[in-house]
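# Structural overview
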Amino acid sequence: METSQQLQALLLKNTSGDVFTDLASRGRYATDASIYQTMPISVFIPKTAEDIVCAINIARELEIPVLPRGGGTSQCGQTTGAALVIDNSTHFRNMLELNVNDGYVDVEPGIVLDHLNQRLKKHHVWFPVDVSTSGQATIGGMAGNNSCGSRSIAYGNMVHNVLGIDAWLSDGQPHAFELMQHASGKVLELGQFVQQLALQHRQEMEEKWPKVLRRVAGYNLDVFHNQNEKPYTSDGRVNLAHLLVGSEGSLAYFKKLRLKLAELPQQKTLGVINFTSFYKAMESAQHIVKLGPCAVELVDRTMIDLARTNPAFKKTIETGLKDPQAPTPEAILLVEFAGNDLPTLKQQLSSLVELMGDLGLAGSVVEMIDPQMQKNLWEVRKAGLNIMMSLKGDGKPVSFIEDCAVPLEHLAEYTSALTEVFSKYGSRGTWYAHASVGTLHVRPILDMRRDGAVKMRAIAEEAAALVAKYKGAFSGEHGDGISRGEWIEWQFGSNINQAFREIKNAFDPSNLFNPGKIIDPPKMDDTTLFRFPPSYQVIPIQPVLDWSSWNVQNNPLTEMTSAPGSGGDPAQGFAKAVEMCNNNGHCRKFDAGTMCPSYRVTREEKHVTRGRANTLRLALSNQLPEAGLASEEVREVFDLCVSCKGCKRECPTGVDMAKMKLEFTHQYKLKHGFTLRDKLIGNLPQYAHWIANTPGLPAVLNFRNKNKFVANLLEKLTGISTKRTLPNWTKETTFRSSLEEEFGLVNLTDLPNSHKPVVFWVDTFNGFFESENVRAALQVLKAGGFSVHLLRKEKGHYCCGRTFMSTGMMDKAHASAKELLDVLMPITQLGIPIIGLEPSCLLSLRDEYLVMGLGYSAQELTQLANNSKLFEEFLRKELSHGRLHLKLQEAKQSIQVHGHCHQKAMDTVNPLLDLLELIPNAEITLIETSCCGMAGSFGYEAEHYDVSMQMAELSLLPKIRTHANAIVVANGASCRHQIHDGAERQALHVARVLAMHLKEQSFSTSVFSINV
């Protein structure tokens, strides 16, 4: 039996954890946020502490390395290796003890920083090592890297904020590492050993150890002879836990960490300094820090420009610009002051304005007092890495010298000299981050598939010479890993490097934990370790969608990209779109956004955007048993993808997994065929008219909701869950009803000459199953004085093709979309607005239609997209132009709003909220939710029902239940159905809510009755 098979067998027999040995699962753990990839021997997800101990012991006996892993967001390759990778993030994420009076909290290593601080906030304390990846970075990983964060000038690095660590050594025995004066046994023995090494190398430490705050290379030998500008402890006592901080999992396996808490500042002010010269920005930092800020962060022109192209960031980044219409500044500095007294902080902000005037930069500061504006701008800064990585083409900003730290007085000279180095090798750098402490995240743009490795080596050597010249540290924040491991000996010399080796041998004599990190590291440019080695080849495929905008190359010097389709991708741009994922793990977040609903429920790597992208990349490059998109490995990762489009908006590198799922589903169904359920769902728009027009048939089909036997039979035949009600069929559909006289509808010929003309396109779901929404919308439009043409056709209706898309029937989707466009395009050219009710249908015109090859030019499609509005968007626009005057009654109930995922993705939730604000005295609350879980047909499918409900129970349903008398607004048909099934409440489209509140109603209000 092979060793890996023995490992799997023993883990399955002796632990309760999950073991993964298949290529796809291992491949998802083969990378982190670095340029490296190494296939693990196995992946283990422990459930108990006993599982971890058992795994350590088994691995030691089999001589298989152990690699502890948290969020997998390391940028230097620390969490890649041919080892047993043990994921702590799934089950070891608890806060164990909180002692506010004594200022500490005990946590497990897998807890995410933001999750910890959310729980601490109500106690007015926080853990202040605020790294930019706080939404996904685990405390164990942060300790392993000795992370720092934006506010280290005020709070120090991770090592300054760790009070103790309980850890297992390689013999599987637990030990408590804390103050040396309290140590005993093995821990004391290890402490004394390292103390002797420090004494032995005292003089060399004084000569060669970097004297800057940001030094994270090697092991912390200097805990016994401090060389850091900020002492490890306030009283000079030695804490042996600090030997483990920054060790990158190579000395011990963390069990519990005790963290030092800080008072949470109650007030903050922010000054955003705009610079026309990058050099001047760097030169100013040394003067700014004297004002006592808690953060001074750099954002360069490249990052500003990239942020302005991302709809999620554009408005926010422009709040920090003195003049958004003027040329982009070469750099901005975010200068934050924090404390509890706002007048004092305002005075500090005024001092900053005065200082910049003294430095010849009067009028360069945008002053921000509003907390929400500050928070929004910091979110853009925190997304800096991913924004930088959103550059299209094979050339990407590469991490290997990105956190060299130099004294502030040399920062301007260092950055200027490094810029010349980049230019020498045909590249330029992207710059951002910690100007306050002389650590700038600079990444030269290199093509690692071609000559990037050679240039990386040359640039690193010249950068090292500059770091030595200015007496800085080569590794200032993100650790050593693979990309900087070989530079440890260069930084400290052979004798201190030998001391590090002796520390490793003392702690881990069997070399079990993460070998090849810090001690005996590989070469940074070893191409066999690259994610994109010279052997990397994409297999040819013919996609059904147009991915050519991703199929480009870039010129790092001119900042220009080549023409769409010129990038040389055998997959016609699809592979390059997939490769945009840089593995930073932003999709693992749990904030108020949407991404990623399936991961929020399962916490499994395969069910997150990053895991799906990695699986696609491996499949497209023939690194899985079955190449191409139609494999079972790819099907498995898309199984719980609900096509929410959260990643389209929230992934800073633009990985659009919903669109990729359309591509996959089409390719998969071409090979494997369509199921009966596929045909029922996909062809719904085609047979719906037949059902509605056949006397008695709607009642027969509705019997399924009342009879368990019929429901069970249909589940066996179709896979549609018996736990779901189905939409009720009716013969009184929008497409059969005569609405012209009742609502004064206008025919298309007369419409151009009518007052305030608008075309109302009714989708399949509202037209057949909720015609009351259509009637309500017509009532509101009539009250607003609009001339409405209801878009219908004889013996059918115009469908967007959404059901065809979701089931992989792209040929039918194409035909349906083309038919719709042929009708809408002439209307658009007349300048007449087109409106719709269902977000997933109307918004297809702005998304999928642009890449479906429908025979219209990009200009024409863009014109149509801009001219087509959701009902609430249209009315909000009319309101802003003074063309909407509705007479509405006062609200008698509070209103809760749930945004459809596609509304969130396309930034159309705010118009909905603005429109509801027209209702006098309305108390409106936006429910902060991810996906509702229904997601079209997903929640109806028997195998997905449980996950669907778990998604809803994360936030949406509990918040609805706590407000039993509120009106619930949900504009998505599937969202309304989920709320009905899960909370037994009738959610309403905004059109019905507005119609309910009209002072004058021209027809029966019975269609507006609600169930609360």
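The protein carries the name FAD/FMN-containing dehydrogenase in an unreviewed UniProt entry, which gives Polynucleobacter kasalickyi as its organism. Of the protein, the UniProt comment under Cofactor (unreviewed entry) reads exactly: "FAD".

Next up on the list: the side chain of Arg-612. Looking at the element boundaries, Arg-612 is found in helix H21 (residues 609-620). No salt bridge is formed by the buried Arg-612; the nearest opposite charge belongs to Asp-639, separated by 8.4 Å. Not counting chain neighbours up to four residues away, the residues in contact with Arg-612 comprise Cys-596, Ser-598, Lys-606, His-607, Val-637, Phe-638, Leu-640, Cys-641 and Met-657.

As recorded in UniProt, the feature "domain: FAD-binding PCMH-type" (unreviewed entry) lies at residues 36-264. Counted over residues 36-264, helix gives 24% and strand 19%. Its end C-alpha atoms are 38 Å apart.

With that settled, consider the pairing of strand E21 (residues 757-761). Within E21, four of the five residues are buried, leaving the element largely enclosed by the surrounding structure. Inspection of the sheet shows E21 paired to strand E22 (residues 787-791) by five bridges, in the parallel sense. Note on E22: the bridge partner recorded for Val-759 is His-789. Relative to strand E23 (residues 834-836), E21 runs parallel, the two being bridged by two bridges. Its bridge partner being in E23, Val-759 is matched across the sheet by Ile-834.

Checked against the element boundaries, Leu-67 lands in strand E3 (residues 66-69). Leave out the neighbours within four places in its chain, and Leu-67 touches Gln-78, Thr-79, Thr-80, Gly-81, Ala-83, Leu-84, Val-85, Ile-86 and Asn-514.

Another point: the state of the cysteines. For the coordinates displayed, the defined rule picks out zero disulfides. Counting only cysteine sulfurs, Cys-587 is the nearest neighbor of Cys-581, a cysteine outside any disulfide, at a range of 6.2 Å. Free of any disulfide, Cys-841 has its nearest cysteine sulfur in Cys-800, 3.7 Å distant.

Quick look at the pattern of salt bridges now. With the rule as written, the count across this model stands at 61 salt bridges. Glu-297 is the partner of Arg-381 in a salt bridge, and the nearest nitrogen-oxygen pair spans 2.8 Å. Of this pair, Arg-381 sits in helix H13 (residues 371-382) while Glu-297 sits in strand E13 (residues 295-300); the two residues are 84 residues apart in sequence, bridging distant segments of the chain. In terms of burial, Arg-381 and Glu-297 fall into one category: buried. A salt bridge links Arg-976 to Glu-770; its shortest N-O distance comes to 2.8 Å. Here Arg-976, found in helix H41 (residues 973-983), pairs with Glu-770, found in the loop between helix H30 (764-769) and helix H31 (771-783); they are 206 residues apart in sequence, far enough to count as distant. Residue Arg-976 is classed as buried on the basis of its relative accessible area of 4%.

Rules used throughout
Residues numbered from 1 in each chain as written. Predicted model: local features only at pLDDT ≥ 70, side-chain atom pairs only at ≥ 80, totals over all residues. Heavy atoms only, no water. UniProt positions renumbered as here; feature names shortened; annotations may be inferred. Helix = DSSP H or I, 4+ residues; strand = E, 2+ residues; numbered from the N terminus. Buried < 20%, exposed > 50% of the residue type's maximum accessible area, 1.4 Å probe, protein only. Lys, Arg positive; Asp, Glu negative; His and termini not counted. Salt bridge = Lys/Arg side-chain N within 4 Å of Asp/Glu carboxyl O. Contact = heavy atoms within 4.5 Å. Pairing = 2+ DSSP bridges. Disulfide = S-S within 2.5 Å.

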